[in-house]
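Structure assessment
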Amino acid sequence: MKSISNYTFPVFLFLFIAFSCKENQQTENAETTEEVSYLEESKGDFDERMKWWRDATYGMFIHWGPYSEIAGNYQGQPIEQNAAEWIMKYKKIPIPEYEQFAKQFVPEHFDAEEWVSLAKQAGMKYIVITSKHHDGFSIWNSEVSDYDFEDFTTYDKDPLAELAAECKRQNMPLGFYHSIMDWHHPKAQADTYTSEADTTAAGKEDFADFYENYLKIQLKELVENYDPEIMWFDGEWTPEYTHEQGLDLYQYVRSLKPSIIINNRVDKGRQGMQGMNKEGEDYAGDFGTPEQEILENASDFDWESCMTMNKSWGYKEADNDWKSSVLLIHNLIDVAAKGGNYLLNVGPTGEGKIPQESIKRLQDVGKWLEVNGEAIYATEKLSGNYKQGDSIRFTKSGDMIYAFSYEDPSGEFALEGIAPAENSKVQILGFNENLEWTFENGSLKIQVPADLIDQIGNSAAYTFKITGQEM
Ligand code: FHN
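The structure reproduced in this document is the subject of the present report. Note that the structure is predicted; figures quoted are calculated from it, not measured.

Thoughts on the sheet that holds strand S13 (residues 411-416)
Ordered in space as S13-S17-S16, the three strands form an open sheet in which the pairing is antiparallel. The outermost strands of the open sheet, each flanked by one partner alone, are S13 and strand S16 (436-440). Adjacent strand axes in the sheet meet at a mean angle of 20°, parallel and antiparallel pairs treated alike. Direction of pairing for S16 relative to strand S17 (residues 443-448): antiparallel, over a ladder of five bridges. Bridging across to S17, Thr438 finds its partner in Lys445.

Comments concerning the packing of helix H11 (residues 325-337) against helix H12 (residues 356-372)
Describing two packed helices takes the angle between their axes plus the distance from one axis to the other. Remark: H11 packs on H12, axes separated minimally by 9 Å, with the N-to-C direction vectors making an angle of 50°. Judged by the inter-axis angle, H11 sits oblique to H12. Seen from above, H11 lies across H12 with right-handed handedness. For the pair H11 and H12, contact is made by Ser325, Leu328, Ile329, Leu332 and Ile333 and by Arg361, Asp364, Val365, Trp368 and Leu369, respectively. Broken down by class, the residue content of the contact of H11 with H12 amounts to seven nonpolar, one polar and two charged.

Section: the packing of helix H6 (residues 112-121) against helix H8 (residues 159-169)
The interhelical angle for the contact between H6 and H8, taken along N-to-C directions, is 45°, at an axis separation of 9 Å. What the angle tells us is that H6 and H8 run oblique. Between H6 and H8 lies a crossing of right-handed hand. The residues of H8 that touch H6, namely those facing Ala112, Glu113, Trp115 and Val116, are Glu162, Leu163, Glu166, Cys167 and Arg169. Residues of the contact of H6 with H8, tallied by class, amount to five nonpolar, no polar and four charged.

Brief notes about H12
The terminal C-alpha atoms of H12, which comprises 17 residues, lie 24 Å apart, in line with the 24 Å expected from a rise of 1.5 Å per residue. For H12, the set of buried residues is Ser358, Ile359, Arg361, Leu362, Asp364, Val365, Gly366, Trp368, Leu369 and Asn372. Along its buried surface, H12 packs onto strand S1 (58-62), H6, H11, strand S9 (341-346), strand S12 (400-405) and strand S18 (462-470).

Focus on the packing of aromatic side chains
Throughout the structure, instances matching the rule amount to 30 aromatic pairs. Here Tyr74 and Phe101 contribute two aromatic rings whose centre-to-centre distance is 6.4 Å and whose plane-to-plane angle is 65°, an arrangement assigned as edge-to-face. One end of the pair, Tyr74, is in strand S2 (residues 73-74); the other, Phe101, is in helix H5 (residues 95-103), with 27 residues separating them in the sequence. Like Tyr74, the residue Phe101 is buried in the burial classification. Both rings, one in Trp86 and one in Trp183, keep their centres 5.1 Å apart while their planes meet at 80°; by these two values the pair is edge-to-face. With Trp86 in the loop between strand S3 (77-78) and helix H4 (87-90) and Trp183 in the loop between strand S5 (174-179) and helix H9 (201-226), this pair connects stretches of sequence that are 97 residues apart. Grouping residues by exposure puts Trp86 and Trp183 together as buried. Among the aromatic residues, ring-to-ring pairing joins Trp64, Phe105, Phe110, Trp115, Phe137, Tyr147, Phe149, Phe152 and Tyr155 into one connected group. In this structure, Lys103 is placed above the aromatic ring of Phe152, and the distance from its NZ or CZ to the ring centre is 4.1 Å. Over the ring of Tyr377 we find Lys125; its NZ or CZ atom is 4.5 Å from the centre of that ring.

What to know about the pattern of salt bridges
Applying the stated criterion across every chain yields a total of 29 salt bridges. For the salt bridge of Asp47 with Lys43, the shortest nitrogen-to-oxygen distance reads 2.4 Å. Here the residue Asp47 and the residue Lys43 both occupy positions in helix H2 (residues 43-56), the gap between them amounting to four residues, near one helical turn. According to the relative accessible area criterion, Asp47 is partly exposed, its value standing at 23%.

A few points about the site of the ligand
Contacts to the ligand come from 14 residues, most closely from His63, Glu85, Trp86, His134 and Asp234. Side-chain polar atom of His63 to an oxygen atom of the ligand: 2.7 Å apart, as the coordinates give it. In this structure, His134 approaches the ligand through a side-chain N or O atom, which is 2.7 Å from an oxygen atom. In isolation the ligand offers 330 Å² of accessible surface; the protein chains occlude 94% of this area. Per-class residue counts for the shell around the ligand are seven nonpolar, three polar and four charged.

A closer look at the sheet that holds strand S7 (residues 261-262)
Read from one edge to the other, the open sheet built from seven strands follows the order S7-S6-S5-S4-S1-S9-S8, with strand pairing classed as parallel. Bordering the open sheet on either side are S7 and strand S8 (304-307), each of which pairs with just one other strand. Where strand S6 (residues 230-234) meets S7, two bridges bridge the pair, whose relative direction is parallel. Along S7, the bridge assignment pairs Ile230 with Ile261.

A word on the nonpolar core
Counting residues in each nonpolar core, the largest one holds 100 residues, and the members touching the most others are Ile129, Leu249 and Leu362. Sort the elements by how many residues they give to this core and H9 lands first, with nine residues. In contact with Leu362, not counting residues within four places along its chain, are Tyr58, Met60, Leu118, Ala122, Met124, Met309, Leu344 and Val346. Within the second largest apolar cluster, 20 residues are counted, among which are Leu382, Leu415, Ile418 and Ile428.

Things to note about the side chain of Ser299
For Ser299, the location among the structural elements is in the loop between S7 and S8. A residue is classified by how much of its surface remains accessible, and Ser299, at 13% relative accessible area, is buried. Polar contacts involving the side chain of Ser299 include one to the main-chain amide nitrogen of Phe301, which spans 3.0 Å. What Ser299 contacts, discounting residues up to four positions off in sequence, is Met276, Lys338 and Lys381.

Description of H2
Between the first and last C-alpha of H2 there are 20 Å, a value that for 14 residues agrees with the 20 Å anticipated at 1.5 Å per step. Helix geometry: H2 is bent most strongly at Met50, by close to 45°. Taken as a whole, H2 has its buried residues at Phe46, Arg49, Met50, Trp53 and Ala56. Its buried side turned inward, H2 meets S1, S6, helix H10 (243-256), S7, S8 and S9. Thr57 sits one or two residues past H2 and shows a positive phi near 70°.

Quick notes on the rules
- Counting restarts for each chain, with residues numbered from 1 along the sequence as it is written.
- Per-residue local features are limited, in this predicted model, to residues with pLDDT of at least 70; the limit for side-chain atom pairs, both in listing and counting, is 80 or more; totals at the level of whole chains, interfaces and linings are taken over all residues.
- Note that the side-chain values use all heavy atoms of the structure and ignore hydrogens as well as water.
- DSSP bridges decide pairing: two strands pair if at least two such bridges lie between them.
- Numbered from the N terminus, helices here are DSSP runs of H or I no shorter than four residues, and strands are runs of E no shorter than two.
- For helices, the axis comes from a line fit to the C-alpha atoms of the stretch in contact; other axes are also lines fit to C-alpha atoms, and the angle between any two N-to-C directions lies between 0 and 180 degrees.
- Each angle receives one of four descriptions, namely roughly parallel if under 35 degrees, roughly antiparallel if over 145, roughly perpendicular if within 65 to 115, and oblique otherwise.
- Here a crossing is taken to be left-handed if its near helix is turned anticlockwise relative to the far helix by less than a right angle, and right-handed if that turn runs clockwise.
- Every residue pair with non-hydrogen atoms within 4.5 Å of one another is taken to be in contact.
- For this classification, the nonpolar set comprises Ala, Val, Leu, Ile, Met, Phe, Trp, Tyr, Cys and Pro, the charged set comprises Asp, Glu, Lys and Arg, and every other residue, Gly included, is treated as polar.
- The length a helix should cover is 1.5 Å for every residue beyond the first.
- Burial classes follow relative accessibility: with a 1.4 Å probe on protein chains only, a residue under 20% of its type's maximum area counts as buried, one over 50% as exposed, and anything between as partly exposed.
- Pairing of aromatic rings covers Phe, Tyr and Trp, the last through its six-membered ring, and needs centres within 6.5 Å; plane angles under 30 degrees mean stacked, over 60 mean edge-to-face, and all others mean tilted.
- To sit over a ring, a charge needs its Lys NZ or Arg CZ within 6 Å of the ring centre and within 35 degrees of the ring normal.
- A carboxyl oxygen of Asp or Glu within 4 Å of a side-chain nitrogen of Lys or Arg is what we treat as a salt bridge.
- When at least one non-hydrogen atom of a residue lies within 4 Å of a molecule or strand, that residue is treated as near it.
- Nitrogen and oxygen atoms within 3.5 Å of one another constitute a polar contact, given that in protein one can donate a hydrogen and the other can accept it, and given that sequence-neighbouring residues count only through two side-chain atoms.
- In this description, accessible areas are obtained by the Shrake-Rupley approach with a 1.4 Å probe, and a residue is regarded as covered only by the protein chains that are shown.
- By convention a nonpolar core is built from buried Ala, Val, Leu, Ile, Met, Phe, Trp, Tyr and Cys residues, the set being connected through side-chain atoms within 4.5 Å.
- Here the bend at a residue is taken as the angle between two axes, fitted respectively to the seven residues that end there and the seven that start there.

Pasting the structure below:
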């Protein structure tokens, strides 16, 4: 019978070899992790990482925090400014007073399944929600902050955990809007948040401490515990945040999850509300972020226009200045034709209900996309003109050209610069007949039935599908 001594050496040798291999592997991994500079990504790797986001085209923005409970009213009056989520600054509400509002942020009606299902019904392909806005309140249970539901309110759930789980269940990519500027944290110029005054040198040292030992720790929590596909930074304009920190933060977040997509507000390159990076300096960020506007022309850089449906990002009870569903559809078409994404905002109430006016518009756009979505999702802008006149836009996918007409195209509908393939079928999405057409001297003339509207009803835009190429 073999004694234990007969086994000692071989076992020891096996363990030594196994341990050495593991050590080497860890070292390699460590070296591999340390060596990757995500700021020097190849175009091929970048395009592969961005593909799902480019194809998605249309997402839901959600602004939700203690400001949603305040609803844009202060001392019995609606604020005169648009953005209800800025009420702390607009009304120079002292932190202790604002904290009392935060305690009242108890979203008893929050329902993750309802929110994600509505986004799906709307035809939205990703969601970006405010994990922390400028007011500093974390809408997840953070280990490094007591300014969250768990430690600050009677609400005993983690809505971000519920939303992340529901998004996984419904295969809806989830992203987080996270403000670099923080009006609550004592080391992030909280004592001077009520003014634009630049911080003192001490302020910059404090902010560096906040950056390393709070902001980055919370981001690590969010990425590791909630697994977002997008980090949507904001508040980068705050003076004590630096370009060097921006480059570092991009590298840091990508090192936490290499496939994650990060907007250009991680750094200091953004040109205001126009949203694209300044030329010259290499600023970090995967896409530009025009806000409340659409780029004037098409861009070869990735970009996403974020917009409200009324005037406020956060819920504002008094704001009834709603964009029409037709305008929202035209905005989506215009953005897609220019090669961008459209991030359309909803501002749920403090209780967790999405306003009915938002729901109606989301459902209207969703119905239009049910018929016309193939011309929006996974399409590209044309190399040449993205439009013809003021009421026609184009997208393409492979050898398919899509032409959107904002107006009733009944009768003879002419397109310039589009060469149909021989024997091409020309159709209107949602209308089953093949349309007669001629192509002479560079002009495509399509015969559309005079009673088209009677047959398919009014639409915000009629989409022609043409096998062909741009000239
Ligand atoms: O200050 C924020 C504002 O509250 C809102 O979040 C928008 C939408 O991203 N961004 C900033 C204003 O540019």
